[in-house]
Each structure stands twice: as structure tokens, then as C-alpha cells.
Amino acid sequence: GVQDSKLGGEIQSRFKEVKVEAGAKVAEVVRGIRAHFEKFVDALREGDLEKAQLGLAHSYSRSKVKFNVHKSDNMVIQAIALLDQLDKDVNTFAMRVREWYSWHFPELYKIVPDNVAYSRLVSVIRSKSSLLPSNVAKPDPAEDDAQRARIADVVKDPQIARDVVDAARSSMGADIGEIDLINIHLFATRVVKLAEFRANLQVYLHTKMSTVAPNLGALLGDTIGARLIAHAGSLTNLAKYPASTVQILGAEKALFRALKTKGKTPKYGLLFHSTYIGRAKAKNKGRISRYLANKCSIASRVDCFADGSEGVDVFGVKLREQMEERLRFYESGATPRKNIDVMVEAGKLAEVRERELGGEEEEVEVKTPKKDKKDKKSSKDDSSRDKSKKSKKD
């Protein structure tokens, strides 16, 4: 009895005299053996089987982690996931600050459209009465200039600072208590810190992408390249995907819906956010998407499998130049360069860059001198003469 039907069929084909059975009965017997295995083997103590299973699971997990050469791509996946989450959270919290503070100073909502700048202003102004002149009957110009300068340090625009001060003096907002202002101030400060953390995280992502996938980042940008890696699961998985799969990554729902309803399949997924597709005309978007997916596939494979490619983005820069040439070709008909010529040029530049970055030392290849055709012919003639002489002697 064999549990695997394919293995049973192979055994039956090799050994005709052996009767092999592989079905539901055999599977049930094997299940019973596994359930009562400790009773069948006397040397096996209670708990040994669980320990063996746990050890096998740990060994398998360790081997999978070791197989992933580019372990840093996990950092890229976590960073882009956190970045997307922070974008949503900062926008949500900033809108809450706007709604909350608008009860006190509603005119500020339209004067300062940027969410982070608005939150900074809220933490600086606190109460709109702080922008009122100390002497309403005789306003002091120096005091007005100081208040405008304080606002201009945040918004970086003197005209907006002047508008904020003027609006505060004629505001229709309601007065709120000190405790409410303290809570709004604390919340606005937290939003500003989240925005600063998001900016630092963007720098961290750029640093990681420059190390893990420099060519993909140079071609698509850090954010889109990281999203592709995260959607594929790892840089290795992305490198193994064909260009057709890379093209529709992120549009799986639309693809299966189109297959189910027999409609048109999507032309692009995550690649839609690339600037190349946005710059192309409507009739050329599908072509550019297909061409871009092809270049992304090449860039990811270079990043994943090329030796000594860490920090070298030469191929990504050259692929980006090819994308620009392809866009010009669709617009004006200018003939782009051949791919083989661009790749040869990129290979030479990559070698130079690796030497500059202190990469691997050049391996000096000892080339054996090739024989000329004349020398080969003369050696053949000499050998044929020797054979004829030996035959005559015999």
C-alpha cells in the first residue's frame, strides 16, 4: 500500500510483479499509523514525536529564511506598509484637528490648505486672542510685525501670515475654554510629530531601496518599487515573475472579474501610478505599461541575482532613459536605441561604478593563446605525414 497515488503508479510501472494499492483504504491505514505511532515503536517515549515535529518545523523555517538572500527586502516591505498607513492616519487626524479648531477659528480653514502647516499653526496660535493687539484703540505696528513674523516662520509665506492675523481680528468663531485649547494643542502637536516621523521614514525607505533594489528604485521611484516588492512578497518573488504578471500586479480583482464576465482585462495595476503612464496618451497607455513592466522585470532581476550590484543603479538609469526614448518615439516618431546596445553600455558603466564603490577586485583571467588557422592546418598536415610514414614502414 502506497499513500501517494503517483508514486504507486510509478512503482507499478517499474515492477510489474508487485501489486500496488493506493486509495482511500491506504490513506486511512496511514492515518491510523500516524495517530498510534508511539504505541508501535517501543523506544519512542511520550512527547518525542511532538519534539521531532517541532524541530522539523524550526529547521524548515530556518532554511526558508536562509534561502532569502535579500533579507533587507523585509525591511522595505514593512517600511512601505507603515508609510501607507501613516498617510491615512495623518490625513484623518489632520481633518479632525481642522474640524475641532474650526469652532474657535473657522477662517483659518481656507487660508491654510496644507494639513501639516495647519496643525503647526494651531499649536503656535492656540487662542486667536493671542493675535489681537494689546491696545485695540491704538495698535502698535511693531507688535503686528512680531505676530506676523511668528506666523510666517510656520507657513513660510508673509502674505498668508498677514491674512491669518487679519482674519483672527475679525473672526466669527466661538470662544472655547482653556482645557479645550490644551487638548487641541496636544493633538495638533501629535499630528505634527507623526508628519515628521513620516518624512524620516521616507528617507529610511530611500536608503533601503538604494541598497536592496537600486535599479528598480531608479526606474520607478522608491515608493512604487517598494509597493511592487511588498505585493510580490519579496524581491526574489518579483524577480521570478514574468513581465505580464508584473504589469497587472495590484489589479487581480479587476483581472478575475474581467475573466469571469468575459470583458476587457486590465492594462496596469500598481504601475498606473508611474509618471510614464500618466505622460502617455490614452491610446499608448497599454503599450507603455507593457514596455514598463518589461523594464521592471529586468531591473528586479539585476537587483536580485547580479553579483556586486548593491548600491549600483546604472541599469535602472539606463532603463529609465529607454522609457523616455519610448515616450518620444510614440510622440514624435524618433527611433530609440536598441536594447542590446543600451545593456552593453550599462554593463561597462556598472563595472566602473563597482570599482569606484570599492567592490570586488578585478579577477585577472589567464587567457590561453589561440592557435591561428594556419598553425592548425600545419599541425594537421604534419600528423597526416607521420601517419603515412608509419603505414609505409609497416
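Residues numbered from 1 in each chain as written. Predicted model: local features only at pLDDT ≥ 70, side-chain atom pairs only at ≥ 80, totals over all residues. Heavy atoms only, no water.

## Quick notes on the overall build of the protein chain
Then, in step 1: Per the secondary structure count, the protein chain includes 20 helices and zero strands.
Then, in step 2: When burial is assessed residue by residue, the protein chain has 31% of its 394 residues classed as buried.
Then, in step 3: A sequence separation of at least 24 residues applies to 61% of the contacts in the protein chain between residues at least 6 apart.
Then, in step 4: Summing over all exposed atoms, the protein chain offers an accessible surface of approximately 26000 Å²; the carbon and sulfur share of this is 55%. (Helix = DSSP H or I, 4+ residues; strand = E, 2+ residues; numbered from the N terminus. Buried < 20%, exposed > 50% of the residue type's maximum accessible area, 1.4 Å probe, protein only. Contact = heavy atoms within 4.5 Å. Areas by Shrake-Rupley, 256 points an atom, 1.4 Å probe, with all protein chains shown as cover.)

## Description of the packing of aromatic side chains
Then, in step 1: Within the structure shown, the criterion is met by six aromatic pairs.
Then, in step 2: A centroid spacing of 6.5 Å and a plane angle of 85 degrees characterise the contact between Tyr101 and Tyr118, whose relative ring orientation is edge-to-face. Taken together, the residues Tyr101 in helix α5 (residues 73-101) and Tyr118 in helix α7 (residues 115-125) connect sequence positions 17 residues apart. A single burial state applies to Tyr101 and to Tyr118, both of which are buried.
Then, in step 3: Each residue in the set Phe93, Trp100 and Phe187 is aromatic and connected to the rest through ring pairs, giving one cluster. (Phe/Tyr/Trp six-rings, centres within 6.5 Å; stacked < 30°, edge-to-face > 60°.)

## With respect to the pattern of salt bridges
Then, in step 1: Within the structure shown, the criterion is met by 13 salt bridges.
Then, in step 2: Close ionic contact of Arg198 with Asp87 constitutes a salt bridge, the shortest N to O distance being 2.5 Å. Taken together, the positions of Arg198 in helix α10 (residues 178-212) and Asp87 in helix α5 put the pair 111 residues apart, joining distant regions of the chain.
Then, in step 3: Overall, Asp87 belongs to the partly exposed group, its relative accessible area being 26%.
Then, in step 4: Here Glu324 and Arg279 are joined by a salt bridge, their closest N and O atoms 2.6 Å apart. Placement of Glu324 in helix α18 (residues 314-332) and of Arg279 in helix α16 (residues 275-279) is noted, with a sequence separation of 45 residues between them.
Then, in step 5: Among the residues examined, Glu324 registers a relative accessible area of 24% and is labelled partly exposed.
Then, in step 6: Using a relative accessible area of 43% as the deciding quantity, one classes Arg279 as partly exposed. (Salt bridge = Lys/Arg side-chain N within 4 Å of Asp/Glu carboxyl O.)

## Let's talk about helix α2 (residues 24-35)
Then, in step 1: Here α2 is twelve residues long and its end C-alpha atoms lie 17 Å apart, about the 16 Å a rise of 1.5 Å per residue gives.
Then, in step 2: Along α2, only one of the twelve residues are buried, which leaves the element largely exposed. (Expected span 1.5 Å × (residues − 1).)

## Description of unusual backbone geometry
Then, in step 1: Phi at Lys156 takes a positive value of approximately 60 degrees, unusual for a residue other than glycine.
Then, in step 2: Here Lys156 is to be found in the loop between α8 (141-155) and α9 (158-169).
Then, in step 3: Phi at Lys262 takes a positive value of approximately 60 degrees, unusual for a residue other than glycine.
Then, in step 4: Within the element layout of this structure, Lys262 appears in the loop between α15 (252-261) and α16.

## Observations regarding the packing of helix α17 (residues 285-305) against α18
Then, in step 1: Taken N-terminus to C-terminus, the directions of α17 and α18 make an angle of 170 degrees; their axes are 10 Å apart at the nearest point. Taken together, the axis directions place α17 and α18 in an arrangement best described as roughly antiparallel. Contacts from Arg287, Ile288, Tyr291, Leu292, Lys295, Ile298, Ala299 and Val302 in α17 reach Phe315, Leu319, Gln322, Met323, Arg326, Leu327 and Tyr330 in α18.
Then, in step 2: Counted by class, the contact of α17 with α18 contains eleven nonpolar, one polar and three charged residues. (Axes fitted to C-alpha atoms, helices over the stretch in contact; angles between N-to-C directions. Parallel < 35°, antiparallel > 145°, perpendicular 65-115°, else oblique. Nonpolar A, V, L, I, M, F, W, Y, C, P; charged D, E, K, R; others polar.)

## Structural notes on the confidence of the model for the protein chain
Then, in step 1: Confidence in the prediction for the protein chain averages 83 pLDDT; 86% of positions are at 70 or higher.
Then, in step 2: Taken together, the stretch residues 359-377 has pLDDT below 50 and engages in three contacts with residues farther than four places along the chain or on a different chain.
Then, in step 3: Low pLDDT (under 50) marks residues 389-394, which in the prediction has zero contacts with non-local residues, meaning those over four places away or in another chain. (pLDDT = per-residue confidence, 0-100.)

## Structural notes on α8
What sets the pattern is the α-helix's 3.6 residues per turn: residues three or four places apart point alike.
Then, in step 1: If you check α8, its first and last C-alpha atoms are 21 Å apart, about what 15 residues at 1.5 Å a residue would give, namely 21 Å.
Then, in step 2: Of the surrounding elements, those touching the buried residues of α8 are α7 and α9.
Then, in step 3: Following α8 by one or two positions, Lys156 has its phi on the positive side, about 60 degrees.

## Remarks on the environment of Thr245
Then, in step 1: Assignment of secondary structure puts Thr245 in helix α14 (residues 243-247).
Then, in step 2: By relative accessible area, Thr245 is classed as partly exposed at 27%.
Then, in step 3: Residues Thr245 and Gly269, spaced 24 residues apart in sequence, show a C-alpha to C-alpha distance of 9.8 Å.

## Remarks on a positive patch on the surface
Then, in step 1: Together, Lys281, Lys283, Arg287 and Arg290 make up a region of like positive charge exposed at the surface.
Then, in step 2: Secondary-structure assignment places Lys283 in the loop between α16 and α17. (Patch = residues over 30% accessible without salt bridge, like charges linked within 9 Å, V, L, I, M, F, W, Y side chains within 5 Å. Lys, Arg positive; Asp, Glu negative; His and termini not counted. Charge placed at Lys NZ, Arg CZ, Asp CG, Glu CD.)

## What to know about a nonpolar patch on the surface
Then, in step 1: Taken together, Val29, Ile33, Phe37, Phe40 and Val41 make up a surface patch of nonpolar side chains, about 430 Å² in accessible area.
Then, in step 2: Elements with a contribution of two residues or more to the nonpolar patch: α2 and α3 (37-40).
Then, in step 3: Tracing the sequence through the fold places Val29 in helix α2.
Then, in step 4: What makes Val29 exposed here is its relative accessible area of 52%.

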